[in-house]
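Listed here are the chains, written in short residue letters.
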Amino acid sequence: MSMVITPYGSAPGRECGSCTMCCKVYTLPEINKPAGVWCKFCNPGKGCKIHDNVPDPCRDFFCLWMTDGTMPDEWRPDRARFVLTVYPGNGFVYGQADLGSPGAWRRAPYHDRLRAMAKALLEQRRHLLMFVGDQATLVMPDEDVPLGKMTADDNFRIEPVFGPKGPTWRATKA
């Protein structure tokens, strides 16, 4: 599995269109917007009401569906009910689920592809984490490892271990 990512811009032929999921799932302290509620400047399904004066984090944001032209249409965040991003600091893939559909990422076809993505990332010493609010789950090739509440300041460590069912992973907050 490979991802073709266009840094800091949309892949050819990609546009947000009616998708405004990022305007719901993320916290934006600059405008006092909590996660899980629509931004007061968002017209859901249409776009930003202050597009010409949008805060810098919004202007600079591109979800993985926008930057990876190989992702199928069903992965567009308003259809998938979660938003995937590549964190620039470590190259990890972070997903933020819509609180109205917290288990959407576990459904087909998403869960199997997320695990395949996790396998490819693991080979690059990168990881995939899915968030429902502030509750994080590390997606691994063969299992999902709950990490609990995580903030931007938290770190974690992953190590291979041998469990009752054979080789597995242990993730601990550092």
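Attention here is on the structure that accompanies the text. Computed from a predicted structure; not experimentally measured.

Notes on the pairing of strand β5 (residues 128-132)
Logical step 1: For β5, the buried fraction is high: 4 of the 5 residues fall into the buried class.
Logical step 2: Across 4 bridges, the pairing between strand β4 (residues 93-97) and β5 is parallel. Looking across to β5, one finds that Y94 is bridged to L129.
Logical step 3: Between β4 and its parallel partner β5, the chain crosses via helix α5 (residues 110-123), and the hand of that crossover is right-handed.
Logical step 4: Inspection of the sheet shows β5 paired to strand β6 (residues 135-139) by 5 bridges, in the antiparallel sense.

As for α5
Logical step 1: When the terminal C-alpha atoms of α5 are compared, their 20 Å separation across 14 residues agrees well with the 20 Å that a helix rising 1.5 Å per residue should span.
Logical step 2: The complete set of buried residues in α5 reads Y110, H111, R113, L114, M117, A118, A120 and L121.

What about the side chain of T85?
Logical step 1: Locating T85 in the fold gives a position in strand β3 (residues 82-86).
Logical step 2: Its relative accessible area of 12% is what places T85 among the buried residues.

Comments concerning unusual backbone geometry
Logical step 1: A cis amide bond, omega 5°, links A108 with the succeeding residue P109.
Logical step 2: With respect to the helices and strands, P109 occurs in the loop between β4 and α5.
Logical step 3: Here N32, not a glycine, exhibits a phi torsion of approximately 55°, which is positive.
Logical step 4: By the element assignment, N32 lies in the loop between α1 (22-25) and β1 (42-43).
Logical step 5: The backbone of R125 shows a phi angle near 60°, a positive value even though the residue is not glycine.
Logical step 6: Within the secondary structure, R125 is located in the loop between α5 and β5.

What about the nonpolar core?
Logical step 1: Ranked by size, the top nonpolar core spans 25 residues in total, and within it W75, F82, L84, L114, M117, L128 and M130 carry the most contacts.
Logical step 2: Elements represented by at least two residues in this core include exactly α3 (64-67), β3, β4, α5 and β5.
Logical step 3: When residues of this core are assigned to their parent elements, the largest contribution, 5 residues, is made by α5.
Logical step 4: If we skip the residues at most four places from it in the chain, L114 touches W75, L84, W105, L128, M130 and V139.

Comments concerning the sheet that holds strand β7 (residues 144-149)
Logical step 1: Read from one edge of the open sheet, 5 strands run β3-β4-β5-β6-β7, paired in mixed fashion. A strand with exactly one partner marks an edge of an open sheet, and here the two such strands are β3 and β7. Going from strand to strand, the sheet's axes swing by 20° on average, the running direction of each strand aside.
Logical step 2: Docked against the sheet, α5 engages β3, β4, β5, β6 and β7, running at close to 140° with respect to β5.

Conventions we followed
- Residues numbered from 1 in each chain as written.
- Predicted model: local features only at pLDDT ≥ 70, side-chain atom pairs only at ≥ 80, totals over all residues.
- Heavy atoms only, no water.
- Buried < 20%, exposed > 50% of the residue type's maximum accessible area, 1.4 Å probe, protein only.
- Helix = DSSP H or I, 4+ residues; strand = E, 2+ residues; numbered from the N terminus.
- Pairing = 2+ DSSP bridges.
- Right-handed = clockwise from strand over helix to strand, strands pointing away.
- Expected span 1.5 Å × (residues − 1).
- Core = buried A, V, L, I, M, F, W, Y, C linked by side-chain atoms within 4.5 Å.
- Contact = heavy atoms within 4.5 Å.
- Axes fitted to C-alpha atoms, helices over the stretch in contact; angles between N-to-C directions.

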